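Structural description and commentary
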Amino acid sequence: MSIKIVSKTLALTVLALNGASARGTTCTALAMSGGGSKGSYEAGVLYGMYHSDTHASKNKYAYDVVTGVSAGAINTAAAAMFAPDDVENFVNYLTNKWQELKEDNVWVPWKPAGIITGLLDKSGALDDSPLYTFIQSVWEELGGKVKRKITVSCVDASSGAYHTFNETSTDPIKGVVSSASIPLVFPHQIWGPNTYDNPSDKDLVCMDGGTVYNTNLVSAVERCRETADQDENITIDIVVCDDNPDLGRWEDTNDAMSNFLRYRSIKNYYAAIQDIYKFK
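Residues numbered from 1 in each chain as written. Predicted model: local features only at pLDDT ≥ 70, side-chain atom pairs only at ≥ 80, totals over all residues. Heavy atoms only, no water.

A separate point is the packing of aromatic side chains. Each aromatic ring pair is described using two quantities: the centre-to-centre distance and the angle formed by the ring planes. Per the counting criterion, the structure on display carries 6 aromatic pairs. Look at Tyr50 and Tyr61: their rings are 6.2 Å apart centre to centre, the planes differ by 75°, and that puts the pair in the edge-to-face class. Here Tyr50 is found in helix α1 (residues 39-52), whereas its partner Tyr61 is found in the loop between α1 and β4 (65-68), with 11 residues between them in sequence. Here the two residues Tyr50 and Tyr61 agree in accessibility, since each one is buried. (Phe/Tyr/Trp six-rings, centres within 6.5 Å; stacked < 30°, edge-to-face > 60°. Helix = DSSP H or I, 4+ residues; strand = E, 2+ residues; numbered from the N terminus. Buried < 20%, exposed > 50% of the residue type's maximum accessible area, 1.4 Å probe, protein only.)

Written as C-alpha cells, this is what we have:
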C-alpha cells in the first residue's frame, strides 16, 4: 500500500488487495474519512484526480461502492445520487455544493439560549437538524434515487459498537447525520428499538463514527464482495483528511518537552490512521 501526501491536510491512499489484477468480476470502492469541514478537501481531491488524469479511460473512478464516516458520510450521501459511471457530473456537483455550503445549512443555535441550551438541556452544543434538511434537499434535487452501493457508520454510545447504514436502511439520511454527530458539538441520534436499523430491545444512540474508526474500509470490501468473485478483484481508493499525515524528521535534543511533543506527534499520527494499518 502506498501513501501519497497531496496536501498538509489530506493523504490519498490506493489499496489493491493483492497488488495484482485478477480475472473475473471486479469492484472498485471509495472510502472517505471524517474531518469536519475538511470534507471539502475530499471533494477537491476527487475533482483533481479525475480532471488531472491524462489517461483516455477514467473508469477507475467509477466507484461501485462508496463508504464514508462523518464528513465522509456527507460526501457519500451526494455520491449515492450518481451512477458509478457518471463520474464527471458527480465530482463537479460535489465541489460546487461545498462552495455553496453555508454554516446554517449544517447547524443553528439552540433556542432560547444557544450553546448554553445545548450544553445544559441537549446532548450537543449546536442544533444540526438543518443538516438533515440540507441532505434531503440535495437528494430531491438529484431525483431521490440511490444509484450505487453506499455505507456510512456511527458508534453506539451505549455499547461502543460500530453500526453501519446503507442504501436499504429505513432512513439513510438519518444514518448520514448519525455518522456526523460529533460528540459535544452535535447531539446524538436516537434510533428506537426493533427498527430495521436497530434490531434490539434498546435504543441505538449514535455518535460520530470516527469515535472508533475514522475510515470504514471493512464495509468497502464487504460490499464489493457482493459482486466481485475474488478479493483480488477489489480495489479501494482511500481519501484521508488529517492535520498531521507526515511525521517528518525529529532530532534528539535531550529535552523533556521535545520528547513529550514527539510522543504526542507519534500518538496522534497513529490514532488518525490506525484503522488503515489494522485493516491492512
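The discussion continues.
We now examine the confidence of the model for the chain. Should the pLDDT be low somewhere, the predicted coordinates at that spot are not to be read in detail. This prediction gives the chain a mean pLDDT of 89; 90% of its residues lie at or above 70. Taken together, the stretch residues 1-9 has pLDDT below 50 and engages in 29 contacts with residues farther than four places along the chain or on a different chain. (pLDDT = per-residue confidence, 0-100. Contact = heavy atoms within 4.5 Å.)

A cluster of nonpolar side chains, Ile115, Ile116, Leu119, Leu120, Leu184 and Val185, forms an exposed patch at the surface whose accessible area comes to about 620 Å². Checked against the element boundaries, Leu119 lands in helix α4 (residues 115-121). (Patch = residues over 30% accessible without salt bridge, like charges linked within 9 Å, V, L, I, M, F, W, Y side chains within 5 Å. Areas by Shrake-Rupley, 256 points an atom, 1.4 Å probe, with all protein chains shown as cover. Salt bridge = Lys/Arg side-chain N within 4 Å of Asp/Glu carboxyl O.)

Our next topic: the pairing of strand β3 (residues 27-32). In terms of burial, β3 is a largely internal element, 6 of the 6 residues being buried. Here β3 shows two buried faces, one formed by Cys27, Ala29 and Ala31 and the other by Thr28, Leu30 and Met32. Here β3 pairs with strand β9 (residues 234-241) via 6 bridges, running parallel. Along β9, the bridge assignment pairs Leu30 with Asp237. Note: β3 against β4, 4 bridges, orientation parallel. Counterpart to Leu30 in the pairing with β4 is Val66. (Pairing = 2+ DSSP bridges.)

Another point: the nonpolar core. The tendency in soluble globular proteins is for nonpolar side chains to be buried side by side. Judged by nonpolar contacts, the single largest core of 41 residues is most densely connected at Leu30, Leu46, Phe90, Leu94, Ile135, Trp139 and Phe165. It is helix α3 (residues 87-100) that provides the largest number of residues to this core, a total of 6 residues. Once you skip the residues sitting within four places of it in the chain, Leu30 turns out to touch Leu46, Tyr63, Val65, Val66, Thr67, Asp237 and Val239. Core analysis: the second largest hydrophobic core is formed by 16 residues, Val221, Cys224, Ile234 and Ile236 among them. (Core = buried A, V, L, I, M, F, W, Y, C linked by side-chain atoms within 4.5 Å.)

Right, let's talk about the state of the cysteines for a bit. Enumeration over the complete set of coordinates arrives at 2 disulfides. What pairs with Cys27 in a disulfide is Cys224, and their sulfur atoms sit 2.0 Å apart. One disulfide, between Cys27 and Cys224, carries an S-S torsion of -70° and so falls in the left-handed class. Taken together, the residues Cys27 in strand β3 and Cys224 in helix α7 (residues 217-224) connect sequence positions 197 residues apart. Sequence-ordered numbering of the bonded cysteines in the chain yields a pairing of 1-4, 2-3. (Disulfide = S-S within 2.5 Å.)

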